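Reading the structure
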Amino acid sequence: MGHMRATMNTHTLRSASALADAGLIDAADLPALERVAAQYAVAITPAMAELSAHPGVARQFIPTEAELATAPEESADPIGDAAHSPVEGVVHRYEDRVLLKANHACAVYCRFCFRREMVGPDGLRPLSPKQLDAAFAYIAAHPEVWEVIVTGGDPFILSPRRIADLMRRLDGVGHVKVVRFHTRVPAVAPERITPQLVAALKSSSKTVYVALHADHPAELTPAARAACARLVDAGIPLLGQTVLLKGINDDPETLTALMRALVETRIKPYYLHHADLAPGTGHFRTTIAEGQALMKQVRGRVSGLCQPTYVLDIPGGHGKVPVGPAYVSGGQVEDPAGTRHAYPPQA
């Protein structure tokens, strides 16, 4: 990426012209990138702009003309949320859990986002009070719902008061036992993880988890690690979610460094997502075979604490399944070095 050296920014950059002014893109690229920004939201926080000299970070957030190229298999709703949305803001794809999409804005906009057609200033509106009431009524009326996953958008851009209100309302639903928040904020805007936000997450009747989306070890700066520590030290366990991205983390060295950085930050790697078929994201996608080969390279040489589950969200709303490499076939099991052994062993 041939952009100039970035200048220090104290506010979020939200347009192609702002990126050019900050030195994150070349002025010659501005007309094309304005077309991209007109289609897909742009936002780069000061924390991420500061890391823009690192290509593994810059490529995640700085738009490129490649996003204007779409493939026939790509879809505005690649994982089929709409097919499983009984009321606005709720996705009930799996029996014991629902997604609650309280807002549709983020602190940063990933260039590979699977909800890129729905998020941002021109995306879906935040839930109105009436729609929020309907979402909570749906959750309350479905006793099989054990977990509520608060997502969006990014729920951590909501004020602590609004997060506390969500938690208060979920506290009133006895059959919900676990509340999970999905966010990039601790890494991309660590200053937002204030004592007030941490306090808003606390519940006397629910177990609260936070899943941090991070795709490159450079994102886990000292400030990001301190923000995560504020959550963990408050008794909130953290999980790590990563998207497998071509040229960003699809080599064993980078993926290992990321998973170790997460574990060192007291975050358990949870999922490695195969990149979804979102419009204009083909330049980010590996093949599943490449992802499986990468997982084989990491298995055995890296601690089990650092092993995420490699998953694919089947297009059309058919659910998420593990797609990692197989080690057992035809009465044989393959060890981490690639040698096959009979199992049970022959006498």
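Up top you'll find the structure we're talking about.
Our next topic: the overall build of the protein chain. When you go through the protein chain residue by residue, the secondary structure sums to 11 helices and 12 strands. Since a compact globule built from 347 residues should have a radius of gyration of about 20 Å, the 21 Å found for the protein chain is in line with a globular shape. With the C-alpha coordinates of the protein chain rotated into their principal frame, the extents come out at 70 × 55 × 40 Å. A burial count over the protein chain gives 52% of its 347 residues as buried.

On inspection of all chains with the given rule, the structure shows 17 salt bridges. Between R184 and E219 there is a salt bridge; the shortest N-O distance is 2.6 Å. Of this pair, R184 sits in the loop between strand 4 (178-183) and helix 7 (185-188) while E219 sits in the loop between strand 5 (207-213) and helix 9 (222-233); the two residues are 35 residues apart in sequence, bridging distant segments of the chain. Within the structure, one salt-bridge network assembled from shared partners comprises D81, R93, K101 and R115.

It is worth spelling out the packing of aromatic side chains at this point. This model, assessed by the stated rule, comprises three aromatic pairs. Taken together, a centroid distance of 5.5 Å and an interplanar angle of 70° make the contact between F112 and F284 edge-to-face. Linking F112 in the loop between strand 2 (97-101) and helix 5 (129-140) with F284 in the loop between strand 7 (267-274) and helix 11 (288-298), this pair joins segments that are 172 residues apart in sequence. Taking the relative accessible area as the measure of exposure, F112 reaches 7% and is therefore buried. Relative to Y271, the ring of Y270 has its centre 4.0 Å away and its plane inclined at 25°; by these criteria the two rings are stacked. Using a relative accessible area of 24% as the deciding quantity, one classes Y270 as partly exposed. Residue classification places Y271 among the buried residues on the basis of a relative accessible area of 17%. Here the basic side chain of R116 rests over the ring of Y40, its NZ or CZ set 3.6 Å away from the ring centre. Stacked on the ring of Y327, the Lys or Arg K296 has its end atom at 5.7 Å from the ring centre.

The next subject is the packing of helix 10 (residues 252-264) against helix 11. Remark: helix 10 packs on helix 11, axes separated minimally by 10 Å, with the N-to-C direction vectors making an angle of 65°. The element helix 10 and its partner helix 11 pack so that their crossing is right-handed. Residues P252, L255 and T256 of helix 10 touch helix 11, and the partners they reach there are L294, Q297 and V298.

In this model, the largest pocket occupies a volume close to 940 Å³. Along its surface, the largest pocket is lined by 47 residues, and F114, R115, T151, H182 and Q241 are the ones closest to its centre. In terms of residue count, strand 7 provides more of the lining of the largest pocket than any other element does, four residues in total. Among the residues forming the lining of the largest pocket, the class breakdown is 25 nonpolar, 11 polar and 11 charged.

A large share of strand 5 lies buried, amounting to five of its seven residues. Where strand 4 and strand 5 come together, six bridges link them in parallel fashion. The residue of strand 5 that forms the bridge with T183 is L212. Judged from the four bridges that link them, strand 5 and strand 6 (residues 238-244) form a sheet pairing that is parallel. Its bridge partner being in strand 6, A211 is matched across the sheet by L239.

Summed over all chains, the structure comprises zero disulfides. Free of any disulfide, C106 has its nearest neighbouring cysteine sulfur in C113, separated by 6.2 Å. Here C113 stays free of any disulfide, with the sulfur of C110 as its closest cysteine sulfur at 6.2 Å.

The strands making up a sheet associate through hydrogen bonds between their backbones, and the pairing can be parallel or antiparallel. Pairing within the open sheet is antiparallel, and its three strands lie in the order 10-11-12. Of all the strands in the sheet, the pair left with one neighbour each is strand 10 (328-329) and strand 12 (340-342). Across two bridges, strand 10 lies against strand 11 (residues 332-334) in antiparallel orientation. Across the sheet, the residue bridging to S329 is Q332, located in strand 11.

Let us look at the pairing of strand 7. Burial analysis of strand 7 places six of its eight residues in the buried class, the great majority of the element. Relative to strand 7, strand 6 runs parallel, the two being bridged by seven bridges. Following the sheet pairing, Q241 is matched in strand 7 by Y271. As paired elements, strand 7 and strand 8 (residues 309-314) share three bridges and run parallel to each other. In the strand pairing of strand 8, H273 is matched with V311. Crossover strand 7 to strand 8 through helix 11 is right-handed.

Let us look at the nonpolar core. Counting 97 residues, the largest nonpolar core has V148, F156, F181, L201 and L231 as its most contacted members. Aside from chain neighbours lying at most four places away, what touches F156 is I163, F181, T183, V185, P186, R192, I193, L197, L201, V210 and L231.

Conventions used here
Residues numbered from 1 in each chain as written. Predicted model: local features only at pLDDT ≥ 70, side-chain atom pairs only at ≥ 80, totals over all residues. Heavy atoms only, no water. Helix = DSSP H or I, 4+ residues; strand = E, 2+ residues; numbered from the N terminus. Rg over C-alpha atoms; globule rule 2.2 N^0.38 Å. Buried < 20%, exposed > 50% of the residue type's maximum accessible area, 1.4 Å probe, protein only. Salt bridge = Lys/Arg side-chain N within 4 Å of Asp/Glu carboxyl O. Phe/Tyr/Trp six-rings, centres within 6.5 Å; stacked < 30°, edge-to-face > 60°. Lys NZ or Arg CZ within 6 Å of the ring centre and 35° of its normal. Axes fitted to C-alpha atoms, helices over the stretch in contact; angles between N-to-C directions. Left-handed = near helix turned anticlockwise from the far one by under 90°. Contact = heavy atoms within 4.5 Å. 1 Å grid on protein atoms, 1.4 Å probe; cavity = no way out; pocket = protein on both sides within 12 Å on 5 of 7 lines; lining within 4 Å. Points joined across faces, edges and corners; volume = space filled by probe spheres on them. Nonpolar A, V, L, I, M, F, W, Y, C, P; charged D, E, K, R; others polar. Pairing = 2+ DSSP bridges. Disulfide = S-S within 2.5 Å. Right-handed = clockwise from strand over helix to strand, strands pointing away. Core = buried A, V, L, I, M, F, W, Y, C linked by side-chain atoms within 4.5 Å.

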